Amino acid sequence: MPLWWTMNVHANEFLYENSLSTVEIIKKIETPIDKLQAFTNILKNSDESDKTNLTIYIGDSVGDLLCLLEADIGIVIASSSSLRKIVTHFGVSFVPLFSALIKKQKEHVEGSAFGWKGLSGVLYTVSSWAEVHSFIIGS
C-alpha cells in the first residue's frame, strides 16, 4: 500500500446542531435502485486508468446486495438472515474478511497476483465496524 492514498466515502449524513448529531439522517439514497445508481455513477466517475483503486461497499441487508456484488470488495456487516438466505440460494459465498486478507497476503508473498475482483461471487463478512476500520486503515 502506498504511503499516500485517497479514500472517498459516500453515505447518507447525520444532521448536526452545534456540532452534535441530532441522530436524524439526511437521506440522499434510500432504495436499492438509488444505491445501485449512485454506486454505478461513482464507478463511472472514478479514474479508470488507475487500476490500483479498489471499490469497497459495506452493507447489511438485501437492499445492498447488488452493490455488494458489484464492488471489488463487498463487506457484509452483521448480516440479516434474509440476506444470508438469498445470497446462499444464488451460490454466493460468505468468507470472513480477516481470513481472506491473510490468504491474499500469503498469495502476494508467494508471488501470485494480489488482487480483489468485483463480481467474484464472494462477499466478505465482519461482525463490527472495528473490523472494517482495521481492514481499511490497517491498524
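Okay, so let's go over this structure. (Residues numbered from 1 in each chain as written. Predicted model: local features only at pLDDT ≥ 70, side-chain atom pairs only at ≥ 80, totals over all residues. Heavy atoms only, no water.)

**Let's talk about the overall build of the chain**
Part 1: Helix and strand counts for the chain come out as five helices and six strands.
Part 2: Ordering the α and β elements of the chain from the N terminus gives β-β-α-β-α-β-α-β-α-β-α.
Part 3: Burial analysis of the chain (139 residues in total) assigns 22% to the buried set.
Part 4: Taking contacts inside the chain between residues at least 6 apart in sequence as the whole, the part at least 24 apart equals 46%.
Part 5: Approximately 10,000 Å² of the chain is accessible, and the part contributed by carbon and sulfur atoms is 57%. (Helix = DSSP H or I, 4+ residues; strand = E, 2+ residues; numbered from the N terminus. Buried < 20%, exposed > 50% of the residue type's maximum accessible area, 1.4 Å probe, protein only. Contact = heavy atoms within 4.5 Å. Areas by Shrake-Rupley, 256 points an atom, 1.4 Å probe, with all protein chains shown as cover.)

**Observations concerning helix 5 (residues 129–137)**
Part 1: All buried positions along helix 5 are accounted for by Val 132, Phe 135 and Ile 136. On an axial view of helix 5, the arc spanned by its buried residues comes to 90°, and they lie on one face.
Part 2: One or two positions beyond helix 5, positive phi appears at Gly 138, with a value near 85°. (Arc of directions from axis to C-beta.)

**As for the pairing of strand 6 (residues 122–126)**
Part 1: Burial of strand 6 is extensive: four of the five residues sit out of reach of the surface.
Part 2: Relative to strand 6, strand 4 (residues 73–77) is paired through three bridges, and the arrangement is parallel. What sits directly across from Val 76, in strand 6, is Thr 125.
Part 3: Relative to strand 6, strand 5 (residues 93–96) is paired through four bridges, and the arrangement is parallel. Looking across to strand 6, one finds that Val 95 is bridged to Tyr 124. (Pairing = 2+ DSSP bridges.)

**So, the sheet that holds strand 5**
Backbone hydrogen bonds hold the strands of a sheet together, and the pairing may be parallel or antiparallel.
Part 1: The four strands lie next to each other as 3-4-6-5, forming an open sheet whose pairing is parallel. The open sheet has two free edges, formed respectively by strand 3 (56–59) and strand 5, since each of these has just one partner strand. For this sheet, the mean inter-axis angle between neighbouring strands, taken without regard to orientation, is 35°.
Part 2: Helix-sheet contacts for helix 5 involve strand 3, strand 4 and strand 6, and the interaxial angle to strand 3 is about 175°. (Axes fitted to C-alpha atoms, helices over the stretch in contact; angles between N-to-C directions.)

**Description of the pairing of strand 1 (residues 13–17)**
As a general feature of sheets, a regular strand has side chains that alternate between the two faces.
Part 1: Where strand 1 meets strand 2 (residues 20–26), four bridges bridge the pair, whose relative direction is antiparallel. Within strand 2, the residue paired with Glu 13 across the bridge is Ile 26.
Part 2: Where strand 1 hands over to strand 2, the hairpin turn is made up of two residues, of which Asn 18 adopts a positive phi near 55°.

**Brief notes about the packing of aromatic side chains**
Part 1: Overall, the coordinates contain one aromatic pair when judged by the stated rule.
Part 2: It is Arg 84 that lies over the ring of Phe 94; its NZ or CZ is 4.4 Å from the centre. (Phe/Tyr/Trp six-rings, centres within 6.5 Å; stacked < 30°, edge-to-face > 60°. Lys NZ or Arg CZ within 6 Å of the ring centre and 35° of its normal.)

**As for the nonpolar core**
Part 1: Among the nonpolar cores identified, the biggest contains eleven residues, and these are Phe 39, Tyr 57, Leu 65, Cys 67, Leu 68, Ala 71, Val 76, Leu 83, Val 87, Val 92 and Leu 123.
Part 2: Every element with two or more residues in this core is listed here: helix 2 (65–70) and helix 3 (81–89).
Part 3: With three residues, the single largest contributor to this core is helix 2.
Part 4: Excluding anything up to four places from it in sequence, Tyr 57 contacts Lys 35, Phe 39, Asp 64, Cys 67, Leu 68, Ala 71, Ile 73, Gly 74 and Ile 75. (Core = buried A, V, L, I, M, F, W, Y, C linked by side-chain atoms within 4.5 Å.)

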